[in-house]
Amino acid sequence: MTNYLVTLESAWIIKDVKSLDDAVGIAISEAGKRLNPSAKFVEIESGFIQCPFCEEDLNCALVVANTALVGLMLSMKAFNAESEEHAKRIAKSVVGRALGTVPLKVTDVQEI
């Protein structure tokens, strides 16, 4: 059995925001509230995407008409998993149970 670090990407919709920074802060706060206490070991970060032209990291959030779509990266360790697939299922189950209907996508799995 092996331990893995699984990173998930999630999408948060935030309404009635004025700025990009507010949207990111609210999304991280809401995710933290939903993950506590059942999955408080999950690390939450703002997501980043690469600019296709300059390859610089850009914030993964968009605000239109005071409504924001924020991409968050959620990382957790899956202990004693039988395989990478098993680690993915463990992470999606734990995080998905805490977050409910928030869409999740596995972006990375690393053996630790």
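Placed above this text is the structure.
On a predicted model such as this, the values are computed, not experimentally measured, just so you know.

Student: Tell me about the overall build of the chain, and name the residues and values.
Tutor: Of regular secondary structure, the chain possesses two helices and seven strands. Evaluated residue by residue, the chain yields a buried proportion of 35% over its 112 residues. Taking the contacts inside the chain whose residues are at least 6 apart along the sequence as the reference set, 73% of them involve residues at least 24 apart. Total accessible area computed for the chain in this model is approximately 7000 Å², and 51% of it derives from carbon and sulfur atoms.

Student: Which residues make up the environment of Phe 79, and what are the values?
Tutor: Its location among the elements puts Phe 79 in strand β6 (residues 67-81). Look at Phe 79 and you get exposed, because its relative accessible area is 51%. Apart from residues lying up to four places away in sequence, Phe 79 is in contact with Thr 2 and Asn 3.

Student: Provide a residue-level description of the pairing of strand β1 (residues 2-15), including the pertinent values.
Tutor: With 13 bridges connecting them, β1 and β6 associate as antiparallel partners. Each residue of the ladder has a partner; that of Glu 9, found in β6, is Met 73. Relative to strand β7 (residues 104-111), β1 runs antiparallel, the two sharing seven bridges. When the bridges of β7 are listed, Ser 10 appears paired with Leu 104.

Student: Give me the pairing of strand β5 (residues 61-64): which residues, what numbers.
Tutor: As defined by bridge partners, β5 adjoins β6 across four bridges and the pair is classed as antiparallel. Within the sheet, the bridge partner assigned to Ala 61 lies in β6 and is Val 70. Once β5 ends, the chain turns through two residues before running back antiparallel as β6, passing Ala 65 with a positive phi of about 55°.

Student: How would you explain the pattern of salt bridges if you had to name every residue and give the values?
Tutor: Within the structure shown, the criterion is met by one salt bridge. In this structure, Lys 88 engages Glu 85 in a salt bridge whose closest nitrogen and oxygen atoms are separated by 3.4 Å. Here the residue Lys 88 and the residue Glu 85 both occupy positions in helix α2 (residues 84-99), the gap between them amounting to three residues, near one helical turn. According to the relative accessible area criterion, Glu 85 is partly exposed, its value standing at 46%.

Student: Talk me through the nonpolar core; I want residue IDs and the actual numbers.
Tutor: One finds Trp 12, Val 70, Leu 74, Val 95 and Leu 99 to be the most contacted residues of the largest nonpolar core, which totals 29 residues. Broken down by element, the residue count for this core peaks at seven residues, all from β6. Discounting chain neighbours no more than four positions away, the residues touching Trp 12 are Ala 27, Glu 30, Ala 31, Arg 34, Ala 68, Leu 69, Val 70, Leu 72, Leu 99 and Val 102.

Rules used throughout
- Along every chain, residues carry numbers that run from 1 in the direction the sequence is written.
- Owing to the predicted nature of the model, reporting of local features is limited to residues with pLDDT of at least 70; listing and counting of side-chain atom pairs is limited to 80 or more, with chain, interface and lining totals taken over all residues.
- Hydrogens are left out, water is left out, and the side-chain values use all remaining heavy atoms of the structure.
- Numbering goes from the N terminus for both helices and strands, where a helix is a DSSP run of H or I of at least four residues and a strand is a run of E of at least two.
- With a 1.4 Å probe rolled over the protein chains alone, any residue whose accessible area is under 20% of its type maximum counts as buried; one over 50% counts as exposed, and the rest are partly exposed.
- Contact between two residues is taken to exist if any of their heavy atoms lie within 4.5 Å; hydrogens are not considered.
- Accessibility throughout is a Shrake-Rupley quantity obtained with a 1.4 Å probe, and a residue counts as covered only by protein chains that appear here.
- Strand pairing is assigned whenever DSSP identifies at least 2 bridges connecting the two strands.
- Throughout this description, the term salt bridge denotes a Lys or Arg side-chain nitrogen within 4 Å of a carboxyl oxygen of Asp or Glu.
- In these notes, a set of buried Ala, Val, Leu, Ile, Met, Phe, Trp, Tyr and Cys residues joined through side-chain atoms within 4.5 Å is what counts as a nonpolar core.

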